[in-house]
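An overview of the molecular structure
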Amino acid sequence: MNQKQLEQMKSKKGFIAALDQSGGSSPKALKAYGIDQDQYNNDEEMFDLMHQMRTRMIKSPSFSGDEILGAILFQNTMDRKIDGKYTPDFLWESFHF
């Protein structure tokens, strides 16, 4: 964490978005989003769908640094990219949490 990020966490008001469903809770999260288990064949496809869902959430205009201080991310999400950038970098650079 750099100094700017630390200062933001200490002084800015807002909440931390929890985007950290693991493999065990992902089928339930996808089901709530309208994607049944018969729409993917294995964990890799399930995690691809989870990342697509998280990407849509993150890129939504309502997901911004105005109210959100940061995000808790599942390791699988941190290792994936949004618009060519690793997810944590995309979040910080795009929204300046």
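Before any of the text, the structure's been laid out above.
The present account deals with the structure reproduced in this document. Predicted model, so just to flag it, every value in this text is computed and none were measured. (Residues numbered from 1 in each chain as written. Predicted model: local features only at pLDDT ≥ 70, side-chain atom pairs only at ≥ 80, totals over all residues. Heavy atoms only, no water.)

Turning our eyes to something else, we now look at the nonpolar core. Grouped together as the largest cluster of nonpolar side chains are 10 residues: Ala17, Leu19, Ile58, Phe63, Ile68, Leu73, Ile82, Phe90, Leu91 and Phe95. Among the secondary structure elements, those contributing two or more residues to this core are strand S1 (15-19), strand S2 (68-73) and helix H5 (87-95). Of the residues forming this core, the biggest block, three residues, is contributed by H5. Ignoring anything within four residues of it in the chain, the contact list for Phe95 reads Ile58, Phe63, Ser64, Gly65 and Phe90. (Core = buried A, V, L, I, M, F, W, Y, C linked by side-chain atoms within 4.5 Å. Buried < 20%, exposed > 50% of the residue type's maximum accessible area, 1.4 Å probe, protein only. Helix = DSSP H or I, 4+ residues; strand = E, 2+ residues; numbered from the N terminus. Contact = heavy atoms within 4.5 Å.)

A few words now on the packing of aromatic side chains. Scanning the model with the defined rule gives one aromatic pair in all. Against the face of Tyr86 rests Lys81, its NZ or CZ located 4.8 Å from the ring centre. (Phe/Tyr/Trp six-rings, centres within 6.5 Å; stacked < 30°, edge-to-face > 60°. Lys NZ or Arg CZ within 6 Å of the ring centre and 35° of its normal.)

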